[in-house]
Amino acid sequence: AQTVTQSQPEMSVQEAETVTLSCTYDTSESDYYLFWYKQPPSRQMILVIRQEAYKQQNATENRFSVNFQKAAKSFSLKISDSQLGDAAMYFCAYRSGYGGSQGNLIFGKGTKLSVKP
Amino acid sequence: DARVTQTPRHKVTEMGQEVTMRCQPILGHNTVFWYRQTMMQGLELLAYFRNRAPLDDSGMPKDRFSAEMPDATLATLKIQPSEPRDSAVYFCASGNRGTTNEKLFFGSGTQLSVL
């Protein structure tokens, strides 16, 4: 079974600085997708960024980028120029490309990010 | 903006009562998921529908939980009878499986408290 591990329950960053959130996963599959979701206090789960396993190039979305290390099964999220609105829970998630439940997301436990003004 | 709509946003009930949570997926999406979020377990899949057919409900306690999609615009999650351990936030999400840039969109969740 696939697992997703986020080893940092909480992180803190100064406004305008850069922070990296860690995520590792375990799978024997070769076809899969990885995601970072943001959950602010409003509870809404918001997709931040997505990475296809077959792509070597790291995904980027404005101030958000990932460091995808397939061999190491590592998928970290880097937030540049942190803003107060980035404060939230961040969840790393895995989705298989195979099988009947191929749409199912498997989530890590989350990292709570605080942004200091 | 298209969004997934969940009702109610909050629900407080007493143990033994029936609870029904509703979800309106984004029009045109062919997959619907129900997730449960608790502090201890995090986000867990309860049920997964594709084209309104249940594909996976292995994460759902069958004796008290049921999930249905009576039509393409409505998904329901029912708990009968409810228990205090069911207290959690229940999320519905929809997506369009088979597209090249498939994404899951989540509703705002139903926070359930069973006393």
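This one's a predicted model, so the numbers in the text were calculated from it and none came from an experiment.

K.L.:
Talk me through the interface of chain B and chain A; I want residue IDs and the actual numbers.
P.N.:
Every contact between the two is made by 28 residues of chain B and, on the other side, 18 residues of chain A. Across the interface of chain B and chain A, roughly 1,900 Å² is buried in total on both sides, 43% from carbon and sulfur atoms. Seen at the junction of chain B and chain A, the total is zero salt bridges. Counting residues per element, the side of chain B that touches chain A draws most heavily on strand β5 (residues 42-50) of chain B, which supplies five residues. Grouping the amino acids of the side of chain B that touches chain A by side-chain chemistry returns 11 nonpolar, 11 polar and six charged.

K.L.:
Describe the state of the cysteines, naming the residues involved and giving the relevant values.
P.N.:
Evaluation of the coordinates by the stated rule reveals two disulfides over all chains. Across a sulfur-sulfur distance of 2.0 Å, Cys23(A) and Cys92(A) are joined as a disulfide pair. With the S-S dihedral at roughly -70°, the linkage between Cys23(A) and Cys92(A) falls on the left-handed side. Separated by 69 residues along the polypeptide, Cys23(A) in the loop between β3 (19-21) and β4 (24-26) and Cys92(A) in strand β10 (residues 88-96) bring together distant segments of the chain. Neither Cys23(A) nor Cys92(A) differs from the other in exposure class; each is buried. What pairs with Cys23(B) in a disulfide is Cys92(B), and their sulfur atoms sit 1.9 Å apart. Judged by the torsion about the S-S bond (-60°), the Cys23(B)/Cys92(B) disulfide is left-handed. With a gap of 69 residues between them, Cys23(B) in strand β3 (residues 19-24) and Cys92(B) in strand β9 (residues 88-95) connect regions that are remote in the sequence. This pair shows no difference in class: Cys23(B) is buried, exactly as Cys92(B) is.

K.L.:
An account of the pattern of salt bridges is requested, with residue identities and associated values reported.
P.N.:
Residue and element names in this part refer to chain B. Taken as a whole, this structure holds nine salt bridges over all chains when the rule is applied. Its salt-bridge partner being Arg36, residue Glu44 comes within 3.6 Å of it at the nearest N-O pair. Given the relative accessible area of 13%, Arg36 is considered buried. The residue Arg64 makes a salt bridge to Glu83 at a minimum N-O spacing of 3.5 Å. You can see Arg64 sitting in the loop between β6 (53-56) and β7 (65-71) and its partner Glu83 sitting in the loop between β8 (74-79) and β9, a full 19 residues away along the chain.

K.L.:
I'd like a description of the environment of Thr5(A), backed by residues and values.
P.N.:
Residues and elements named next belong to chain A. Of note, Thr5 is situated in strand β1 (residues 3-5). Once the C-alpha coordinates of Thr5 and Ser74 are considered, the two residues, 69 residues apart in sequence, prove to be 9.6 Å apart. If we skip the residues at most four places from it in the chain, Thr5 touches Ser22, Cys23 and Thr24.

Definitions and limits used
- Residues numbered from 1 in each chain as written.
- Chains lettered and ligands numbered in written order.
- Predicted model: local features only at pLDDT ≥ 70, side-chain atom pairs only at ≥ 80, totals over all residues.
- Heavy atoms only, no water.
- Contact = heavy atoms within 4.5 Å.
- Buried area = accessible area lost by both parts, 1.4 Å probe.
- Salt bridge = Lys/Arg side-chain N within 4 Å of Asp/Glu carboxyl O.
- Helix = DSSP H or I, 4+ residues; strand = E, 2+ residues; numbered from the N terminus.
- Nonpolar A, V, L, I, M, F, W, Y, C, P; charged D, E, K, R; others polar.
- Disulfide = S-S within 2.5 Å.
- Buried < 20%, exposed > 50% of the residue type's maximum accessible area, 1.4 Å probe, protein only.

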